[in-house]
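# Architecture and fold: a report
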Amino acid sequence: MPATVERRPSRPAPANRLARGFDRRTVIRIGIIAGVLYAAWLAVEAFGRPYIFFDMKIYHGAVVWWAGGNDLYDFTAPETTLGFTYPPFAGLAMLPMAGLSVIAAGWVNLLVSLAALTLVLVALIVPIADRHGWSRWFAVALAVSLAVAIEPVRETFGYGQVNLLLFGLIMADLVALRRRAQAGLRPPVAGGVLRRLWHSGAWAGAGIGLASAIKLTPALFIVYLLITRQWRAAMTAIGTAIGVTTAGFVLAGHESATYFTSVLWQTDRIGKADMTPNQSLAGLLARLYDSVETPTLLWLAFSLVVLAIGLSRASSAHADGDELAAFAIVGLTANVISPISWTHHLVFVIPAIVVLADAALRRRAASRGPGRIGSPLPNPLFTASSPGPRTPIWFPTLTGLRHASAAVALYLLMLVAPIWAYEHQLPHESHYQNGLFGALMENSLALALILLVAALPWRPGAEPAFYTDSMMRLHRRLLNARLR
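Quick summary incoming for the structure in this document. Note that the structure is a prediction, hence the values are computed from the model and not measured.

Time to look at the overall build of the chain. Secondary structure assignment for the chain yields 20 helices and zero strands. By the burial criterion, 46% of the 484 residues in the chain qualify as buried. Long-range contacts, defined as pairs at least 24 residues apart, comprise 74% of the intrachain contacts of the chain with a sequence gap of at least 6. Counting every atom, the chain has about 24,400 Å² of accessible surface; 67% of that belongs to carbon and sulfur.

Dropping the structure here:
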């Protein structure tokens, strides 16, 4: 009988060695996150302002005043001329914090806002992490650690603002739109009513409707849904906004009448247009004219141009399959054309940074050959029999450098926020007191917003939920062919 040689099974790595390797990686990642958080803390200390929950004191004082039987819009915060400026529904939503101290209400708002920011970044970062094989928790934790240091986020936390909560409501509709469109590509989900509702995405539009009932600027997303013919989401948003506003009239009729007939039109209740933190187009024009007031006709003319550009580009991004870029452009457009856009309103720079960074990664992957971009749908131009990666175009190390540089520059601009070093206030100081460079720095965030509306790129095919019906049918045929 011929001798046989059996292949010796490979010896598995000792469990303790695997554990040491896993622990080492985890410890290194935790150390990186801790280091970034510490750097973020130092950045807030260096570039931020003293934060004492200033706006939360106004909200808290207003709802305590209202709960005591007084008129909500008659409240004026001590030592200021500022009062409550949101619709009555927002006052009803904030009413429970009347039982808390100002500091407790501020910290509750901070923690809830941090949770909303984290959930948004989970929705934005996890698909990118999965495509590149990165650790999900590490990628999200790193993104959150970086995000908390930038101007819109630290101002929202420190002033006790609600911008991240509204941001979370709007971005929840992005998730819903993804799920609703993807539902046509998979079998029905079994389970309870809430589970089926979550996976169906039938609630798309409710978040935008709620945000619009609390603050008027998110209503631009309803216009966007209409022009992109996302009828069901648009009707849900409109119905939610009307329903919530009606509930405000039922529960607080006097305040609702006061708000929509008087308070809504008193733009001076929240500050002068030329104030440095107002980084809208109106603020930019007021400072350029070195005037307390904005030149109205010029502002209206330029606002219409920016609105047309923003909605047109967002519609094109949607048609090309990048709903995240479309949402970012709409949010930034709302910031630009609003009469007042304080720096804590500019939260849509976060998805803009993500879009720029991911565009750089996709371009770098595309330079190495087909199949590397990570599109969730198979590319009909390349099949399993296609040749391997082609010769890299140009110089692969520099591919995507333009978009990566833009992402880093935008992040650093929002981190440093150079407007505060050149803050001026009429009539005491001219906005040109530090020359042309000072005027440029004082308006740097507004200029960046306008540039993003006009030039933020989108990533064709990045969002599988928004492929056309013909592309989805092709996707199903390719999947069936693979199964056969």
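Next comes the rest of the write-up.
With that settled, the discussion passes to the pattern of salt bridges. Per the counting criterion, the structure on display carries seven salt bridges. Between Asp-130 and Arg-136 there is a salt bridge, with the nearest N and O atoms lying 2.6 Å from each other. Exposure remark for Asp-130: the relative accessible area of 39% places this residue in the partly exposed category. Exposure remark for Arg-136: the relative accessible area of 47% places this residue in the partly exposed category. For Arg-154, the salt bridge identified is with Glu-151, shortest N-O distance 2.9 Å. Of this pair, Arg-154 and Glu-151 both sit in helix H6 (residues 151-159), three residues apart, which is roughly one turn of that helix. Of the two residues examined, Arg-154 and Glu-151, each falls in the buried class. In the salt-bridge network here, residues are joined through shared partners; they are Arg-131, Asp-322, Asp-358, Arg-362 and Arg-459.

When you line up the elements, Arg-178 lands in helix H7 (residues 163-182). Taking C-alpha positions, Arg-178 is 8.9 Å from Glu-323, a pair spaced 145 residues apart along the chain.

The rules we used
- Residues numbered from 1 in each chain as written.
- Predicted model: local features only at pLDDT ≥ 70, side-chain atom pairs only at ≥ 80, totals over all residues.
- Heavy atoms only, no water.
- Helix = DSSP H or I, 4+ residues; strand = E, 2+ residues; numbered from the N terminus.
- Buried < 20%, exposed > 50% of the residue type's maximum accessible area, 1.4 Å probe, protein only.
- Contact = heavy atoms within 4.5 Å.
- Areas by Shrake-Rupley, 256 points an atom, 1.4 Å probe, with all protein chains shown as cover.
- Salt bridge = Lys/Arg side-chain N within 4 Å of Asp/Glu carboxyl O.

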